[in-house]
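Architecture at a glance
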Amino acid sequence: MFQRFIISHGLRAAATQVVAVLFGALLLVAGLSSAASAREVVVGLYENEPKIFTGSDGRAAGIFPEILREIAAREGWQLRYERCEWSVCLGLLDAGEIDLMPDVAFSSERLERFSFHDVVALHSWSQVFKPTDSGIESILDLDGKRIAMLAGSVQEVALRAMLAGFDVEFELVPADSFDETFALVARGDADAAVANHLFGVRRAPQYALVTAPVVFQPSGLFFATTRGRNLDLLAGIDRQLQPLKADQSSQYFRILERWAAPAPEFVVPTMLRKLMFTLLAIGVVLGVVVIVLRSQVRARTRERERLAIEVMESEQRYRDLAESIYDVIWTLDPETLRFTYVSPSVERLRGYTPEEVMNMPLEATLAPGQLGRVQEVIARSMAEYIAGERSTSDAVMLEVEQPRRDGSMVWTEVVGNIARNPITGRLEVRGVTRDITERRSNEARIQQLAHYDQLTGLPNRVLLRDRFAQLQALAQRHGQQFALLFLDLDHFKNINDTLGHDAGDQLLVVIARRLETALRAGDTVCRLGGDEYIMLLGECDADGAAAVVRKLIELVSEPCTVGAHELVTTPSIGIAMYPDDGEDLETLLRKADVAMYRVKHENRGDFRFYTSEMQAHTERALLLASALRHAVAGGQLHLHYQPQFDVSTRQVTGAEALVRWSHPSLGVLSPAEFIPVAESTGLINELGAWVLREAARELRRWQDEGVAPPMLAVNLSAVQFRRPDLPECIRRELDEAGIQPERLELELTEAVAMDDPEKALHMMRQLAASGVRIAIDDFGTGYSSLSYLKRFTAHRLKIDQSFVRDIGEDEDDRAIVRAIIRLAQSLGMHTVAEGVETEEQLAFLKAEGCDEAQGYLLARPMPADDMRAFLAANRALIVR
Ligand SMILES: Nc1nc2c(ncn2[C@@H]2O[C@@H]3COP(=O)(O)O[C@H]4[C@@H](O)[C@H](n5cnc6c(=O)[nH]c(N)nc65)O[C@@H]4COP(=O)(O)O[C@H]3[C@H]2O)c(=O)[nH]1
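Below, the structure is looked at part by part. (Residues numbered from 1 in each chain as written. Predicted model: local features only at pLDDT ≥ 70, side-chain atom pairs only at ≥ 80, totals over all residues. Heavy atoms only, no water.)

Topic: the state of the cysteines
Inspection of every chain in the model, using the stated rule, returns one disulfide. Cysteine 84 shares a disulfide with cysteine 89; S-S distance 1.9 Å. Between cysteine 84 and cysteine 89, the S-S dihedral sits near 95°, and the bridge is therefore right-handed. Its relative accessible area of 0% is what places cysteine 89 among the buried residues. (Disulfide = S-S within 2.5 Å. Buried < 20%, exposed > 50% of the residue type's maximum accessible area, 1.4 Å probe, protein only.)

Shown next as structure tokens:
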């Protein structure tokens, strides 16, 4: 038996050795192959128990290492921890020397340095801890209490901000560590302590403390990687965290449960051990009872934990949202005029932190002189709200300038409303502040480009209209006359042709300066383009005008040096007098033009007053007016259609209806010529109604044939636009044709819209309410009061073809087009470029983000039959 024992023992030992060797070899092979395939991940390890710390065995311990171990096992990663101080760890992560850093709270600043996964790894928050018998049962019980916490920490700032909302103040008892905050309470030197909840829940029992129902400053904690690197790790973490967090019984929740439980007491006095053994027996019995109770408590704790996570997650979502939104979200106490909440993006906007802004008086957040206006708006809104005349959904909008930390100013648009805070029950102002610096500078640039001639710096036709209106108002009030001069240089074309455009341009600038010096300060000189200058001489009769004009002719005729050439040019000037020759700008311009032509025909280098005898020149206008009366009834009008295209895809997005007049003897006439005649004779109403009806019917035909583009645009004249029955008239035509209103777009020129913006606004709102779309035509040429433009309910801005034409050569035009596109984008409108004739123009428009284009390059205006054929042939390219 003994022998058998020896033999069997020997065999077993030998067998064990063989197995051990084989197993070792296997392990080696497995180790080698796994080392070859496993992804080694270097992880930062720093001390922040219980989230992450060095365990008694010298290895990484705590919640994050355990969660990561779970993830790594599933992903097949091999973890290697690198011990470092927190800030050193972040530095190493920055430099790519470690792959992953656990326990990193997400913030927009950090997003610039690191990359994060999506699923929150751990929710963390700050918690108040108290002695069992302290009587602290709510936030309000903290009033006047001594609270121990890390002095100068973010926790202190956050707790103060939160309690300020409840009018609760406390006395700070500073501590250097969480342990010390607890010790201070245990010694009676503080009434409560603040700590991270994970740390606190473990340690509080050792100091006979329990949690008080006050939590704040929630944050989501993540694993972070070097920015843009190790994205596979982040994807792996999300891949594993998602199911782990969805399953209440998963390892994730067991880890949380284990670490969120109180820490075990480590030191047990030896003399108590015996007693403990005795008690153990009783303990076993009680243990069974306790296990049952515990499992119930655990279930509830898990539920509480789950609810807490849900709350934290939703809070985190709001926080992420507030941080990621570029605009600043805020609330303001209307009584103290202090901000009670400001979102972090304020730092991007003004360079101040939210806390700094909350500590500033309102005045310090506004440019000097703006407080009164803002205060007045707040007071009025509050009064209206209290009187029931304003509701929470009624927002007020203001544009205000705000100072930045560096002393510069930023233009902002502030939209705010009054609402009752559901927690405090007090009224507050809530709002959103947006940076509109770019929009403002676009506005200024467009104003400059749109109102001044870029070559000479003189006002252009747009500003002329404005100056004329001022002069007219003054003249009417004082019963005065004034003169309008039309100056054209003689034989300027020859200079351009023989010496080149540069020489021509230089001459135009010299003449502009001479004209400016010859006039009085209140007079206006502007350039209409080419070699045409217009002057307005205020408070001046015919004799006065003649005297000035003689001086001008003398001055302009003086020789001037352009490059190596000495040039002499004379002007021809026509004069029209207000109010004898006309009371509006167009009439006076036309008459001064007629007089100037007479000079050109008879005696260049001289001047003429307009006379009724010159009326003969306008015979054509009279002829057109009388012929136009028969045009509608006589069936001489018809419509052409020009398709509009998406700049990027070249799909057909719409079409514009353009009226044509075929007169039996005058031939085909351009609308540019006969529309003004129709407007001045009142025939435009009949003509406009015909165009609308015809366009609606044609659109119906396209629809029936299944080839209709999304919408058809029709031009509206200023006269039509002023008619109060316009919306009714449009509705009737659409109903009769059976067209949905949103398929029709009305184009009105910028000049019409801005002529009387308040009225235009009212009409546009009515039209928009009926469902039709609105486009602002010829944009860039009118007097753009952009604060109105923003309020217009227009869908599209049409960039005038005069800017598009010279995109290739003229930097100013490129700048205008660019600015209009940006402006439209900032106002949420689409842009349509008109008159696109070359691929180069289209490429520029595409690069600048213009949405749609119309022009000969893509398709010319065509008769209805051709248009139908075009649509049918391009059916596949029509946007539906
Ligand atoms: N050089 C060039 N021109 C291009 C190009 N693509 C289109 N066009 C022309 O540009 C004009 C665009 O129309 P608009 O700016 O609304 O300007 C229109 C609009 O203001 C007015 N108009 C036309 N039809 C109507 C109408 O039914 N009612 C009213 N009130 N006005 C109309 O007459 C103006 C002139 O009309 P049209 O002579 O048909 O001239 C049209 C069109 O033929 C291109 O690539 N190069």
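Structural notes on the packing of helix H22 (residues 684–704) against helix H31 (residues 864–873)
Remark: H22 packs on H31, axes separated minimally by 11 Å, with the N-to-C direction vectors making an angle of 30°. In terms of orientation, H22 lies roughly parallel with respect to H31. In terms of crossing hand, the pair formed by H22 and H31 is right-handed. The residues of H31 that touch H22, namely those facing Glu698, Arg701 and Trp702, are Ala864, Met867, Arg868 and Leu871. Its residues assigned to classes, the contact of H22 with H31 shows four nonpolar, no polar and three charged. (Axes fitted to C-alpha atoms, helices over the stretch in contact; angles between N-to-C directions. Helix = DSSP H or I, 4+ residues; strand = E, 2+ residues; numbered from the N terminus. Parallel < 35°, antiparallel > 145°, perpendicular 65-115°, else oblique. Left-handed = near helix turned anticlockwise from the far one by under 90°. Contact = heavy atoms within 4.5 Å. Nonpolar A, V, L, I, M, F, W, Y, C, P; charged D, E, K, R; others polar.)

Section: helix H24 (residues 726–737)
Turn by turn, an α-helix covers 3.6 residues, leaving residues three or four places apart pointing in a common direction. Compared with an ideal rise of 1.5 Å per residue, which puts 12 residues at 16 Å, H24 spans 17 Å between its outermost C-alpha atoms and is within 8% of the ideal. Inspection of H24 places Leu726, Pro727, Cys729, Ile730, Glu733, Leu734 and Ala737 among the buried residues, and these make up the whole buried set. Viewed end-on, H24 has its buried residues packed into an arc of 165°, placing them on one side of the element. Those residues of H24 that are exposed and aimed more than 90 degrees away from the buried face are Asp735 and Glu736. Those residues of H24 that are buried lie in contact with H22, helix H23 (718–721), strand E28 (744–749) and helix H26 (757–769). Two residues or fewer after H24 comes glycine 738, characterised by a positive phi angle close to 70°. (Expected span 1.5 Å × (residues − 1). Arc of directions from axis to C-beta.)

Some words on the nonpolar core
Across soluble globular proteins, you tend to see nonpolar side chains buried next to one another. Trp702, Phe721, Leu789 and Phe792 are the most contacted members of the largest nonpolar core, which totals 93 residues. Looking at this core element by element, the count peaks at nine residues for H22. No fewer than three residues from each of domain 4 (444–610) and domain 5 (644–874) sit in this core. Setting aside its immediate chain neighbours within four residues, tryptophan 702 contacts Tyr641, Ala655, Val707, Ala708, Pro709, Leu712, Met867, Arg868 and Leu871. Within the second largest apolar cluster, 33 residues are counted, among which are Leu458, Leu485, Tyr533 and Ile573. (Core = buried A, V, L, I, M, F, W, Y, C linked by side-chain atoms within 4.5 Å. Domains from an automatic or database assignment.)

Some remarks on the packing of aromatic side chains
Counted according to the given criterion, the structure contains 16 aromatic pairs. With 5.4 Å between their ring centres and 85° between their planes, tryptophan 661 and phenylalanine 674 make a pair best called edge-to-face. A residue pair is termed long-range when its members are at least 10 positions apart, and tryptophan 661 in strand E25 (residues 652–663) and phenylalanine 674 in helix H21 (residues 671–681) qualify at 13 residues. In this structure, tryptophan 661 and phenylalanine 674 share a single accessibility class: buried. Ring pairing ties together the aromatic residues Phe129, Phe178, Phe182, Phe199 and Tyr207, which thus form one cluster. It is arginine 440 that lies over the ring of tryptophan 411; its NZ or CZ is 3.7 Å from the centre. (Phe/Tyr/Trp six-rings, centres within 6.5 Å; stacked < 30°, edge-to-face > 60°. Lys NZ or Arg CZ within 6 Å of the ring centre and 35° of its normal.)

Some remarks on the pattern of salt bridges
Applying the stated criterion across every chain yields a total of 47 salt bridges. Residue aspartate 232 pairs with arginine 39 through a salt bridge whose shortest N-O separation is 3.1 Å. Taken together, the positions of aspartate 232 in helix H8 (residues 231–246) and arginine 39 in strand E1 (residues 39–45) put the pair 193 residues apart, joining distant regions of the chain. In this structure, arginine 439 engages glutamate 399 in a salt bridge whose closest nitrogen and oxygen atoms are separated by 3.2 Å. Here the residue arginine 439 occupies a position in helix H14 (residues 437–451), and glutamate 399 occupies one in strand E14 (residues 396–403), the gap between them amounting to 40 residues. An identical accessibility class is assigned to arginine 439 and glutamate 399; each is buried. (Salt bridge = Lys/Arg side-chain N within 4 Å of Asp/Glu carboxyl O.)

With respect to the sheet that holds strand E12 (residues 328–333)
If you walk across this open sheet you meet the five strands as E13-E12-E16-E15-E14, and the pairing is antiparallel. One side of each edge strand has no neighbouring strand; the edge strands of this open sheet are strand E13 (338–342) and E14. Averaged over all pairs of adjacent strands, the angle between strand axes in this sheet comes to 35°, irrespective of strand direction. Relative to strand E15 (residues 409–420), E14 is paired through eight bridges, and the arrangement is antiparallel. The partner of leucine 398 across the bridge, within E15, is valine 414. Here helix H13 (residues 371–386) sits on the sheet in contact with E12, E14, E15 and strand E16 (427–435), set at roughly 150° to E14. Where H14 meets the sheet, its contacts fall on E14, E15 and E16, and the angle it forms with E15 comes to roughly 125°. (Pairing = 2+ DSSP bridges.)

Points about the packing of H14 against helix H29 (residues 811–826)
Angle between the axes and distance between the axes are the two parameters that describe a pair of packed helices. H29 packs onto H14 with a crossing angle of 140° between their chain directions and a minimal axis gap of 9 Å. In terms of their interaxial angle, H14 and H29 are classed as oblique. As for how H14 packs across H29, the hand of that crossing is left-handed. Of the residues in H29, those touching H14 at Glu438, Arg439, Asn442, Glu443, Arg445, Ile446 and Leu449 are Asp812, Ala815, Ile816, Ala819, Ile820, Arg822, Leu823 and Ser826. Residue classes in the contact of H14 with H29 are distributed as seven nonpolar, two polar and six charged.

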